[in-house]
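Spelled out, the chains give:
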Amino acid sequence: EPEVTQTPSHQVTQMGQEVILRCVPISNHLYFYWYRQILGQKVEFLVSFYNNEISEKSEIFDDQFSVERPDGSNFTLKIRSTKLEDSAMYFCASTEARVPETQYFGPGTRLLVL
Amino acid sequence: QKEVEQNSGPLSVPEGAIASLNCTYSDRGSQSFFWYRQYSGKSPELIMSIYSNGDKEDGRFTAQLNKASQYVSLLIRDSQPSDSATYLCAVMGKTSYDKVIFGPGTSLSVIP
């Protein structure tokens, strides 16, 4: 069964450093998303992406964040200058946007900012 | 602010019992409703989706939706220790590609 994959599974970085989280959505899916979950808190929407542009972004998704689909398979989330509070699990999701409109989640990248 | 609320946990049930999980949502325009299961440190795993009022059954799981009351529930029959996890209620807006808004989750513990 096709699945969303994410790399790396874990990332440790120093505050102020740039990180790039990578995702490979399911191949025939058209809409892509990033969510994050701070430890012990709920899953929060960051950004949605379609047709090579951002469809919607949350208040969390400030100028430090950017997304890109650099080729036909990868979907990346870049954090330019990480802060301690960026430490979280980051989930990529994709959907075919048909009925059922299920979003399929990747296994996540655990980011720790020191 | 669109909100999804869930009954506070943790919820403990004995093995073989019925676990009942509840969820309310604030956006009356929401069209799609999901229950995800999340094990500690893992990603959300979809277990049920429901789009119209009434009940939807899938094996030991039954989702119930009442749009007038803005209420979604999940019943787990014959609960097993492997059902022990956090259950996330999630709501999608008007379009089939809208973001999903998650509730805070209810932790379920099934005691052998």
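Our subject is the structure listed above.
All values derive from a computational prediction rather than experimental measurement. (Residues numbered from 1 in each chain as written. Chains lettered and ligands numbered in written order. Predicted model: local features only at pLDDT ≥ 70, side-chain atom pairs only at ≥ 80, totals over all residues. Heavy atoms only, no water.)

### As for a nonpolar patch on the surface
Stated precisely, the cut-off is as follows: Residues enter a patch when their relative accessible area is above 30% and they make no salt bridge; the linking distance is 9 Å between like charges and 5 Å between nonpolar side chains (Val, Leu, Ile, Met, Phe, Trp, Tyr). Computed with a 1.4 Å probe, the accessible areas rest on the Shrake-Rupley method; for each residue, only the protein chains presented here act as cover. The rule for a salt bridge is simple: a side-chain nitrogen of Lys or Arg has to be within 4 Å of a carboxyl oxygen of Asp or Glu. The secondary structure listing takes helices from DSSP runs of H or I that are at least 4 residues long and strands from runs of E that are at least 2 residues long, numbered from the N terminus.
There is a patch of nonpolar side chains on the surface, built from V12, L112 and L114 of chain A and spanning about 270 Å² of accessible area. Within the secondary structure layout, L112 of chain A lies in strand β11 (residues 109–113).

### Brief notes about the interface of chain A and chain B
Test applied: By the convention used here, residues are in contact when the closest approach between their heavy atoms is within 4.5 Å. What counts as buried area is the accessible surface, traced by a 1.4 Å probe, that two parts surrender upon association, with contributions from both included.
Between chain A and chain B, the residue contacts involve 19 residues of the former and 21 residues of the latter. A buried area of about 1,700 Å², summed over both sides, lies between chain A and chain B, and 55% of it is on carbon and sulfur atoms. Summed over the shared surface of chain A and chain B, the number is 1 salt bridge. E56 of chain A serves as the salt-bridge partner of K99 of chain B, at 2.5 Å between the closest nitrogen and oxygen.

### Some remarks on the state of the cysteines
Residues and elements named next belong to chain A. Heads up, the rule is: Disulfides are defined as cysteine sulfur pairs within 2.5 Å. Categorising residues by exposure relies on relative accessible area from a 1.4 Å probe, with only protein chains included: less than 20% of the type maximum marks a residue as buried, more than 50% marks it as exposed, and the intermediate range marks it as partly exposed.
Enumeration over the complete set of coordinates arrives at 2 disulfides over all chains. In this model, C23 is linked to C92 through a disulfide, with the two sulfur atoms separated by 2.0 Å. The sign of the S-S torsion, about -60°, decides the handedness of the disulfide formed by C23 and C92: left-handed. Residue C23 is found in strand β3 (residues 19–24), and its partner C92 is found in strand β9 (residues 88–95); the two are separated by 69 residues along the sequence. C23 sits in the buried class, given a relative accessible area of 1%.

### Structural notes on the side chain of S32 of chain B
With respect to the helices, strands and loops of the structure, S32 of chain B is situated in strand β4 (residues 32–38). On the accessibility criterion, S32 of chain B (2% relative accessible area) is buried.

### Things to note about the sheet that holds strand β8 (residues 71–76) of chain B
All names here are of chain B. Quick note on the threshold: Pairing between two strands is assigned when DSSP locates at least 2 bridges connecting them. In this description, a line fitted to the C-alpha atoms serves as the axis of each element, helices being fitted only across the stretch in contact, and the angle between N-to-C directions of two axes falls anywhere from 0 to 180 degrees.
Spatially, the 5 strands line up as an open sheet ordered β1-β3-β8-β7-β6, and their pairing is antiparallel. Two strands bound the open sheet, and with one partner strand each, they are β1 (4–6) and β6 (54–58). When strand polarity is set aside, the average angle formed by the axes of neighbouring strands in this sheet is 20°. Sheet analysis places strand β3 (residues 19–25) next to β8, joined by 6 bridges and oriented antiparallel. Across the sheet, the residue bridging to C23 is V72, located in β8.

### Quick notes on the packing of aromatic side chains
Condition: Ring pairs are drawn from Phe, Tyr and Trp, using the six-membered ring of Trp, whenever the two centres fall within 6.5 Å, and their geometry is named by plane angle: stacked under 30 degrees, edge-to-face over 60, tilted for the rest. In this scheme, Lys NZ or Arg CZ marks a charge over a ring once it lies within 6 Å of the ring centre and within 35 degrees of the ring normal.
Scanning the entire structure with this criterion turns up 16 aromatic pairs over all chains. Relative to F102 of chain B, the ring of Y36 of chain B has its centre 5.4 Å away and its plane inclined at 50°; by these criteria the two rings are tilted. Of this pair, Y36 of chain B sits in strand β4 while F102 of chain B sits in strand β10 (residues 100–102), placing them 66 residues apart in sequence. For F102 of chain B, a relative accessible area of 1% translates into the label buried. Grouped by ring-pair contacts, the aromatic residues Y33, Y35, F45, F91 and F105 of chain A together with F34, Y36, Y51 and F102 of chain B constitute a single cluster. Here the basic side chain of K99 of chain B rests over the ring of F45 of chain A, its NZ or CZ set 5.6 Å away from the ring centre.

### A few points about the pattern of salt bridges
Residue and element names in this part refer to chain B. If you walk through the whole model with that rule in mind, you get 5 salt bridges over all chains. As a salt-bridge pair, R77 and E57 come within 3.5 Å of each other at their nearest N and O atoms. Taken together, the positions of R77 in the loop between β8 and β9 (85–92) and E57 in strand β6 put the pair 20 residues apart, joining distant regions of the chain.

### Details of the sheet that holds strand β1 (residues 5–7) of chain A
Residue and element names in this part refer to chain A. A sheet is described by the order of its strands in space; here 4 strands give the open sequence β1-β3-β8-β7, paired in antiparallel fashion. Sheet topology places β1 and β7 (65–68) at the edges, where each strand pairs with a single neighbour. Strand-to-strand twist in this sheet, taken as the mean axis angle between neighbours without regard to direction, amounts to 20°. Pairing of β1 with β3 involves 3 bridges; the strand directions are antiparallel.

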